[in-house]
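# Report on the structure
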2 protein chains.
Amino acid sequence: MFLEDFEVGQVFRHPGGEAVTADAIKQFAGQFDPQPFHLDEAAAQQSFFRSLAASGWHTAGLTMRMLVDTLHIHGGLIGAGFEEFRWPRPTRPGDVLRLEVEVLGIKFSQSKPLQGFLYHRVTTYNQHDEAVLVMTGNLLAPRRPQ
Amino acid sequence: MFLEDFEVGQVFRHPGGEAVTADAIKQFAGQFDPQPFHLDEAAAQQSFFRSLAASGWHTAGLTMRMLVDTLHIHGGLIGAGFEEFRWPRPTRPGDVLRLEVEVLGIKFSQSKPLQGFLYHRVTTYNQHDEAVLVMTGNLLAPRRPQ
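Analysis parameters
Here the residue numbers are simple positions, counted from 1 along each chain's written sequence. Note on labels: chains are lettered from A, ligands numbered from 1, in written order. This being a predicted model, a pLDDT of at least 70 is required before a residue's local features are given, and a value of 80 or more before pairs of side-chain atoms are given or counted; all residues contribute to the totals for chains, interfaces and linings. Each side-chain value is derived from all of the structure's non-hydrogen atoms; neither hydrogens nor water enter the calculation. Secondary structure elements are taken from DSSP: a helix is a run of H or I of four residues or more, a strand is a run of E of two residues or more, and numbering for both begins at the N terminus. Here's how the labels work: a residue is buried when its accessible area is under 20% of the maximum for its type, exposed when over 50%, partly exposed in between, all with a 1.4 Å probe on protein chains only. Contact criterion: two residues are considered in contact whenever any of their non-hydrogen atoms come within 4.5 Å of each other. Note on areas: Shrake-Rupley with a 1.4 Å probe; residue coverage comes only from the protein chains shown. His is not counted, nor are the chain ends; Lys and Arg add positive charge and Asp and Glu add negative charge. Positions of charges follow a simple convention, taking NZ of Lys, CZ of Arg, CG of Asp or CD of Glu. We define a salt bridge as a contact between a side-chain nitrogen of Lys or Arg and a carboxyl oxygen of Asp or Glu at a distance within 4 Å. The copies were overlaid by least squares, fitting only the C-alpha atoms of residues that reach a pLDDT of 70 or more in each copy. UniProt positions are given in the numbering used here, feature names are shortened, and annotations may be inferred rather than shown by experiment. The definitions used throughout rest on a 1 Å grid laid over the protein atoms alone, on which a cavity is an enclosed set of points accommodating a 1.4 Å probe that cannot get out and a pocket is an open set flanked by protein within 12 Å on both sides along at least five of seven lines; lining residues are those having an atom within 4 Å of a point. Grid points are joined across faces, edges and corners, and a volume is the space filled by probe spheres set on the points. The residue classification treats Ala, Val, Leu, Ile, Met, Phe, Trp, Tyr, Cys and Pro as nonpolar and Asp, Glu, Lys and Arg as charged. All others, Gly included, are polar.

Attention now goes to the overall build of chain A. The secondary structure content of chain A amounts to 4 helices and 5 strands. Ordered by position in the sequence, the α and β elements of chain A form the string β-α-α-α-α-β-β-β-β. Expressed as lengths along the three principal axes of its C-alpha atoms, the size of chain A is roughly 60 × 25 × 20 Å. Every one of the 146 residues in chain A was classed for burial, and the buried ones make up 49%. In chain A, the share of contacts with a sequence separation of at least 24, taken over all contacts with a separation of at least 6, comes to 68%. Here chain A displays about 6,900 Å² of accessible surface, and carbon together with sulfur accounts for 50% of that area. Chain A carries 13 positive and 16 negative side-chain charges, and their two centres are separated by 5 Å.

All right, on to the pattern of salt bridges then. Scanning all chains against the criterion turns up 20 salt bridges over all chains. A salt bridge links Arg86(A) to Glu84(A), with the nearest nitrogen and oxygen atoms 2.8 Å apart. You can call Arg86(A) partly exposed: its relative accessible area is 37%. Overall, Glu84(A) belongs to the partly exposed group, its relative accessible area being 21%. For Asp5(B), the salt bridge is made with Arg144(B), and the minimal N-O distance between the two is 2.7 Å. With Asp5(B) in the segment before strand S1 (11-14) and Arg144(B) in the segment after strand S5 (131-142), this pair connects stretches of sequence that are 139 residues apart. Overall, the relative accessible area of 26% leaves Asp5(B) in the partly exposed class. You can call Arg144(B) partly exposed: its relative accessible area is 39%. Linked by salt bridges that have partners in common, Arg13(A), Arg98(A), Glu100(A) and Asp129(A) make up one network.

We now examine the relation of the copies chain A and chain B. The operation relating chain A to chain B is a screw motion whose rotation component is 180°, with 0.0 Å of axial translation and a residual RMSD of 0.0 Å. Considering both components of the superposition, the chain copies are consistent with a two-fold axis. Closest approach to the rotation axis within chain A is made by the C-alpha atom of Glu83(A), at a distance of 2.6 Å. Comparing contact sets, 100% of the residues at the interface of chain A also lie at the interface in chain B, consistent with an isologous, same-surface contact.

Cross-referencing UniProt, the feature "domain: MaoC-like" (unreviewed entry) maps to residues 8-107 of chain A in the present numbering. Helix makes up 35% of residues 8-107 of chain A and strand 23%, with an end-to-end C-alpha separation of 11 Å.

Each pocket or cavity is described by its volume, and for the largest pocket that value is around 1,000 Å³. As for the largest pocket, its lining consists of 36 residues, of which Phe28(A), Gln31(A), Phe32(A), Phe28(B) and Phe32(B) are closest to the centre. Where the lining of the largest pocket is concerned, the elements lending two or more residues are helix H1 (22-32) and helix H4 (56-70) of chain A together with helix H1 (22-32) and helix H4 (56-70) of chain B. Looking at side-chain class alone, the lining of the largest pocket contains 16 nonpolar, 14 polar and 6 charged residues.

Shown next, in the form of structure tokens:
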């Protein structure tokens, strides 16, 4: 899709798939976020999280994995950044995540006539319809060639 | 460290370590961000990035890996979210990343006397001192027990 193909208010959804396993949580954490509450059930019980919790970056990675299958922008998904980025709650073992992406704005560039930005909000939900990640920001999007 | 141990203006640094390899970039992307410009040199040459680029989420994961070794908050690093989150440029094969964390504010909670927030900015730099990730936000931090 090109920038012109989007409309404010459009919502794209990914139904989600496999449950997140405790093993996957520990494996990701071992590589990128080796903190006790992401690695060990007993340590997690003594922590802020009260039980094993996925790294927020693992949730972000799983979100990106779904986003790639959800939003088909010509040239790929190229993120400029976010102005809102929060984890309302952690992802837990057994959670099945799904995705909603809402189009909030279409920004045509003044300086670069061939491209613009898709202003959007990504919300990742667990199986209880609780948000685990909310990101609002811009994706680069090319304009449709004339 | 407890919230009282931090001061506005403090900077914590991680010197970085191993270079990011093309294999690691492709492996991460295969799992979490399977787009051609993160997976294949030839495809990347035809893309916005012009050569193989790491997923921004891979850069974020490598950043978190360094942050865990850099900032020692009692109870662990528990992120509330960011109000600024941007990737000024991609991480490339061969890049060696390093980290700087600046304390921007100490927020004591009104409602929860035992905790507060460390308002901070994380900047990840490559070996050319170019920022590849900038995140400004809050980490939960407990107050020193009386």
